[in-house]
Amino acid sequence: MRPLRQTRIEPPLRRDPAARRDPAPSRWAYRMQRLWLTPLFRVLVRVGLPAFLIAFFGGVWLADADRRASFAGMFTDMRDAIQSRPEFMVRLVAIEGASPVLAESIRRALALDLPKSSFDIDMAAAHAQVTAFDAVKAADLRIQPGGVLQVNVTERLPAVVWRSAEGLWLLDAEGHRVAAITARALRADLPLITGEGADRAVPEALALVAAAGPLLPRLRGLVRFGERRWDVVLDRDQRLLLPAANPVRALERAIALDQAQGLLARDLVAIDLRHAQRPTLRLTPRAAAELRGAPMEETGKARL
């Protein structure tokens, strides 16, 4: 017999613990790192993905009609509860800068059923209602603490009385309507203007009134002709016919002539100042007859 051969079994190789792994990342890890360094990708992951999930699950939850109705009712009740709190309620309307009559008209126009939540008051519509009045030049509406709707009004001040085909109107210094009046005697302190386009030439009319000076006690009004020039109407049916250009200077010249020669104390119908170099006196029929020795029916003119 052949003797048995002994086989030596080698123990398994042990890995050296000092050996280090390859620090290079895998291809997948490398691509993910590069993708994460992209700003848009980070925004999509941090913001877009949560928003999408919320919207998705919210849409699924709200797909049910009963749930939608319940959610809407809960939101409405919460909103009403907040808007009905005492600190948001308006209990008083305070109007400043307006006359008593105008203030009462504004209150009626607003027609607020107080107390009322400030959230239920349309401030833009209320402002439009206040500024719709002719007498209101400007208005400022604010809700003040304590439940007060403060209405600050800048009221137009009447400067002249305008006689139109529609009646008598008060106009401010810019020609805007303020209010209607029934009789001239109600504002006898204001000058009267009339004629075509008189309301659009109020500043010029006021300049003439200011220049009238000594003639103011006799002034009865101003008449606009052809939307271009004025006649100054005095008592005793006398008129000063002013030119379209520099009417104030022509009026001052007429006043100077009157003070120097007493023209307006004579029997004159009018002084025509439309021609600066040729002012003309229009005599009354009696004065013309006496001057010419003509019958009383004739009229005449005399040049200065």
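Relevant structure appears above.
Residues numbered from 1 in each chain as written. Predicted model: local features only at pLDDT ≥ 70, side-chain atom pairs only at ≥ 80, totals over all residues. Heavy atoms only, no water.

Colleague: Before we go on, may I ask you to explain the side chain of Gln-238 in this structure?
Modeller: Mapped onto the elements, Gln-238 comes out in the loop between strand 11 (229–234) and strand 12 (239–241). Within the structure, Gln-238 has its side chain in polar contact with the side chain of Arg-218 (distance 2.6 Å). Sequence-distant contacts of Gln-238, that is, excluding residues within four places in its chain, are made with Arg-218, Val-232, Val-233, Leu-264, Arg-266, Leu-268 and Val-269. (Helix = DSSP H or I, 4+ residues; strand = E, 2+ residues; numbered from the N terminus. Polar contact = N/O pair within 3.5 Å; in protein donor to acceptor, adjacent residues only side chain to side chain. Contact = heavy atoms within 4.5 Å.)

Colleague: Looking at this model, I keep getting lost on the pattern of salt bridges. Mind explaining?
Modeller: Pairs can form between side chains of opposite charge whenever their charged atoms are close. Counted by the stated rule, this structure contains 13 salt bridges. Note that Glu-166 and Arg-177 form a salt bridge whose closest N and O atoms lie 3.3 Å from each other. Taken together, the positions of Glu-166 in the loop between strand 6 (160–164) and strand 7 (167–171) and Arg-177 in strand 8 (residues 177–181) put the pair 11 residues apart, joining distant regions of the chain. The class of Arg-177 is partly exposed, set by a relative accessible area of 29%. A salt bridge links Arg-187 to Asp-189, with the nearest nitrogen and oxygen atoms 2.9 Å apart. (Salt bridge = Lys/Arg side-chain N within 4 Å of Asp/Glu carboxyl O. Buried < 20%, exposed > 50% of the residue type's maximum accessible area, 1.4 Å probe, protein only.)

Colleague: What am I meant to see in unusual backbone geometry here?
Modeller: Note on backbone geometry: most residues besides glycine have negative phi, and most peptide bonds are trans. Cis geometry is adopted by the peptide bond preceding Pro-115, which originates at Leu-114 and carries an omega value of -5 degrees. When you line up the elements, Pro-115 lands in the loop between helix 4 (100–110) and strand 3 (116–117). You will see that Asn-246, though not glycine, has its phi angle at about 50 degrees, which is positive. Among the secondary structure elements, Asn-246 is positioned in the loop between strand 12 and helix 7 (247–261).

Colleague: I'm lost on the sheet that holds strand 5 (residues 148–155) in this one. Help?
Modeller: Within a sheet, neighbouring strands are paired by backbone hydrogen bonds and run either parallel or antiparallel to one another. With respect to topology, 3 strands assemble into an open sheet ordered 2-5-4, the strand pairing being mixed. Strands with a single pairing partner mark the edges of an open sheet, and in this sheet they are strand 2 (92–96) and strand 4 (136–144). Going across the sheet, the axis of each strand differs from the next one's by a mean of 20 degrees, ignoring polarity. Examined bridge by bridge, strand 4 and strand 5 share 8 bridges and lie antiparallel to one another. Within strand 5, the residue paired with Ala-139 across the bridge is Val-153. On the sheet, helix 4 packs against strand 2, strand 4 and strand 5 and is oriented at approximately 145 degrees with respect to strand 2. Lying on the sheet, helix 5 (residues 123–131) is in contact with strand 4 and strand 5; it crosses strand 4 at an angle near 150 degrees. (Pairing = 2+ DSSP bridges. Axes fitted to C-alpha atoms, helices over the stretch in contact; angles between N-to-C directions.)

Colleague: Even after reading the chapter, I still don't get the packing of aromatic side chains, so can you show me in this structure?
Modeller: Within a pair of aromatic rings, the relevant descriptors are the distance that separates the centres and the angle that separates the planes. Scanning all chains against the criterion turns up 1 aromatic pair. Against the face of Trp-169 rests Arg-177, its NZ or CZ located 4.2 Å from the ring centre. (Phe/Tyr/Trp six-rings, centres within 6.5 Å; stacked < 30°, edge-to-face > 60°. Lys NZ or Arg CZ within 6 Å of the ring centre and 35° of its normal.)

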